[in-house]
Amino acid sequence: MNFLEEKVNALKEAGIYRELPINDTPIDAIIELNGKKVINLCSNNYLGFANHKRLIEASKKALDQYGVGAGAVRTIVGNMRIHEALEETIAKFKKEEAALVYQSGFLCNLGVIQAVTTEKDLILSDELNHASIIDGVKLSKADKAVYKHSNMADLERLLIEKRSQYEQVLIITDGVFSMDGDLAKLPEIVKLAKQYNALTYVDDAHGSGVLGEHGRGTVDHFHLHGQVDFIIGTLSKAIGVVGGYVCGSKAMKSYLLHRSRPHLFSTSMQPSAAAAIIEAFHMLESSDEYTLKLWDNARYLKSKLQQLGFDIGHSETPITPIMIGDEVKTMAFSKQLLDNGVYVSGIIFPTVSKGKGRIRVMVSALHDKDILDRAVDIIEKTAKSMHIL
Ligand code: PMP
């Protein structure tokens, strides 16, 4: 295993090796990392559902009813009534014909992209799409081309050049770009797709629970119901549990259940997780309380960071990057912040391109103004001490 040791040493020498802190507490505004209390500003638990009483109760009830495991893949015996109920709940919430759940959002992108494309097709993918899309595209037999980030002229150029050579063309984009927080130009993408007879695929991992009426997501935000062919979501961020899903037609669901490899070869979701997720969607449907609090906190935090002079990019969502640039400096800053009591993620290559290192600050509905003030104060002092500000 010497070759791997050498690779690890190279990461250490480059100053980008991560010592993973250990968390002993549920995901909250303040957590205990390596035995020390820190302000948590790096989880995707947007609405605070990961440790919500109602989800825990629903999950416990399902544990008693169904046990801890689903027993097999979906296509054998792992198709419990609670999985079907979950999918009905999601489809209704997202105002789509059908939904199909996967064991994670990552797996969902791998499983769907591969299954719905063939060697006669072309995939057009935004250059900043999430890693799971990139890997899903790699698994597909279709030809691939990447268009410049949210650049509609570049997308149209590819459509003009290539459309006629393929049976189907699938345009894939994140709904909210996870490292910058900007929104896809979905109305324009849908228009181009119609004009050139292409299919559309939106990964709304960071839009669901955050954007649109009751947090229905980016498609709802842009009033595009019924006009996007595949809508992907994760159940691990705003929903607070684990899993992923795709929404679309009933035929899509039936086909994917037969041909999407995670459904054929990987055990289905724990029933207790499914029960917690159903409860989360009920909570979203019945109240905007959590989503409003999230946005309120996000606006507050962003304005404070901006007033201090930080470059926070062009996010249109609660995702708040603090742009640093240099990778070593980025990692040193995040490490120092953690030592000083604020846990944020340092994001560097390969998650973002080289030279685009940043701190990603993730606010949630769990924070309050007092905690955010404390965090901003520590961020300011730390940045000044490191000549970042
Ligand atoms: N898509 C996007 C855009 C994401 O940000 C993520 C999570 N990092 C995923 C998919 C994967 O979701 P999950 O954590 O449920 O596997």
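Everything quoted here is computed from the prediction, not taken from an experiment.

> Where do I start with the sheet that holds strand E2 (residues 36-40) in this structure?
Strand pairing in a sheet is mediated by backbone hydrogen bonds. Such pairs are either parallel or antiparallel. Read across the open sheet, the 3 strands follow the order E1-E2-E11; overall the sheet is mixed. Lying at the two open borders of the sheet, with one neighbouring strand each, are strand E1 (30-33) and strand E11 (342-343). Strand direction decides the pairing type here: E1 and E2, joined by 4 bridges, are antiparallel. Within the sheet, the bridge partner assigned to Leu33 lies in E2 and is Lys36.

> Explain the pairing of strand E3 (residues 98-102) here, please?
Looking along a regular strand, one sees side chains alternate from face to face of the sheet. Most of E3 is tucked away, with 4 of its 5 residues classed as buried. Two elements, E3 and strand E9 (residues 244-248), share 5 bridges in a ladder whose sense is antiparallel. Residue Leu100 lies in a different strand from E9, and its bridge partner there is Val246.

> I keep staring at the confidence of the model for the chain and nothing clicks. Help me out?
On average, residues of the chain carry a pLDDT of 96, and 100% of them reach 70 or more. Two numbers describe this predicted complex: its pTM, 0.96, and its ipTM, 0.99.

> Explain the site of the ligand to me, please; I cannot follow it from the model alone.
In the vicinity of the ligand lie 14 residues, with Gly105, Phe106, His130, Ala205 and Thr234 positioned nearest. The dominant element in the shell around the ligand, judged by the number of residues it contributes, is helix H4 (residues 105-116), at 3 residues. Considered class by class, the residues forming the shell around the ligand number 2 nonpolar, 10 polar and 2 charged.

> What is the right way to read the sheet that holds strand E7 (residues 199-203) from this model?
Taken together, 7 strands build an open sheet; the order of strands is E3-E9-E8-E7-E6-E4-E5 and the sheet is mixed. Here the strands that pair on one side only, and so sit at the sheet edges, are E3 and strand E5 (143-147). Averaged over all neighbouring strand pairs, the angle between strand axes comes to 20°, with direction disregarded. Looking at chain direction, E7 and strand E8 (residues 230-234) are connected through 3 bridges and run parallel.

> Whenever I open this one, unusual backbone geometry confuses me. Can you help?
What you tend to see is this: most non-glycine residues have negative phi, and most peptide bonds are trans. Omega for the peptide link from Phe349 to Pro350 comes to 10°, which places this bond in the cis form. Its place among the elements puts Pro350 in the loop between strand E12 (345-347) and strand E13 (357-362). Not every positive phi belongs to a glycine, and Asn34 is a case in point at roughly 45°. Along the chain, the position of Asn34 falls in the loop between E1 and E2. Residue classification places Asn34 among the exposed residues on the basis of 12 C-beta atoms within 10 Å. Even without being a glycine, His387 presents a positive backbone phi close to 60°. Structurally, the position occupied by His387 is in the segment after helix H14 (369-385).

> Explain the nonpolar core to me, please; I cannot follow it from the model alone.
Considering soluble globular proteins, one finds that nonpolar side chains tend to be buried as a cluster. By size, the foremost hydrophobic cluster in this structure holds 115 residues, and its most contacted members are Leu41, Ile171, Tyr245, Val246, Ile277, Ala280 and Val342. Residue contributions to this core peak at 10 residues, all from helix H11 (residues 271-286). Split by domain, the residues of this core number at least three in each of domain 1 (17-46 + 288-385) and domain 2 (53-286).

> Mind showing me how you'd approach the UniProt feature "domain: Aminotransferase class I/classII large" (unreviewed entry) in the chain here?
As recorded in UniProt, the sites labelled "domain: Aminotransferase class I/classII large" (unreviewed entry) are residues 36-379. Annotated as 43% helix and 17% strand, the span residues 36-379 places its first and last C-alpha atoms 18 Å apart.

> Even after reading the chapter, I still don't get helix H12 (residues 289-308), so can you show me in this structure?
Helical geometry: 3.6 residues make up each α-helical turn, so side chains three or four residues apart lie on a common side. The end-to-end C-alpha distance of H12 is 29 Å, a good match for the 28 Å that 20 residues give at a rise of 1.5 Å each. Taken residue by residue, H12 has Tyr290, Thr291, Leu294, Asn297, Ala298, Leu301 and Leu305 as its buried positions. Along the axis of H12, the buried residues cluster in a sector spanning 130°; they form a single face. Turned more than 90 degrees from where H12 packs its buried face, Glu289, Leu292, Arg299, Ser303, Gln306 and Gln307 sit exposed. Tucked into the core, H12 has its buried residues touching strand E10 (319-325), E13 and H14.

> For this particular structure, what's the right way to read H14?
Over its 17 residues, H14 extends 24 Å from the first C-alpha to the last, a length consistent with the 24 Å expected when each residue adds 1.5 Å. Within the sequence span of H14, burial applies to Leu372, Ala375, Val376, Ile379, Thr382 and Ala383. The arc that holds the buried residues of H14, viewed along the axis, is 135°, so those residues lie on one side. What points out from H14, more than 90 degrees from its buried face, is the exposed set Asp370, Lys384 and Ser385. One or two residues past the end of H14 sits His387, with phi positive at roughly 60°.

Conventions used here
- Along each chain, numbering runs from 1 in the same order as the chain's sequence is written.
- Side-chain atom pairs in this predicted model are given and counted only at pLDDT of 80 or more, local residue features only at pLDDT of at least 70, and totals for whole chains, interfaces and linings cover all residues.
- Each pair of strands is called paired provided DSSP finds at least two bridges between the two strands.
- In this description a helix means any DSSP run of H or I spanning at least four residues, a strand means any run of E spanning at least two, and both kinds are numbered starting from the N terminus.
- Burial is judged by counting the other C-beta atoms within 10 Å of a residue's own C-beta: 20 or more makes it buried, 12 or fewer makes it exposed, and any count in between marks it as partly exposed, with every C-beta position built from the backbone.
- Per-residue confidence from the predictor is reported as pLDDT, a score between 0 and 100.
- Near, as applied to residues and a molecule or strand, means the residue's backbone-placed C-beta atom lies within 6 Å of it.
- Ten residue types, Ala, Val, Leu, Ile, Met, Phe, Trp, Tyr, Cys and Pro, are classed as nonpolar, four, Asp, Glu, Lys and Arg, as charged, and the remainder, Gly among them, as polar.
- Convention adopted: a line fitted to C-alpha atoms gives each axis, helices being fitted over their contacting stretch, and angles between N-to-C directions are expressed from 0 to 180 degrees.
- Any nonpolar core is a set of buried residues, restricted to Ala, Val, Leu, Ile, Met, Phe, Trp, Tyr and Cys, that join up through C-beta atoms within 7 Å.
- Segmentation into domains, and thus their bounds, comes from an automatic or database assignment.
- UniProt positions are given in the numbering used here, feature names are shortened, and annotations may be inferred rather than shown by experiment.
- Here the expected length of a helix is defined as 1.5 Å per residue gap, with one fewer gap than residues.
- This arc corresponds to the set of directions leading from the helix axis out to the C-beta atoms.
- Contact criterion: two residues are in contact if their C-beta atoms, reconstructed from the backbone, are within 7 Å.

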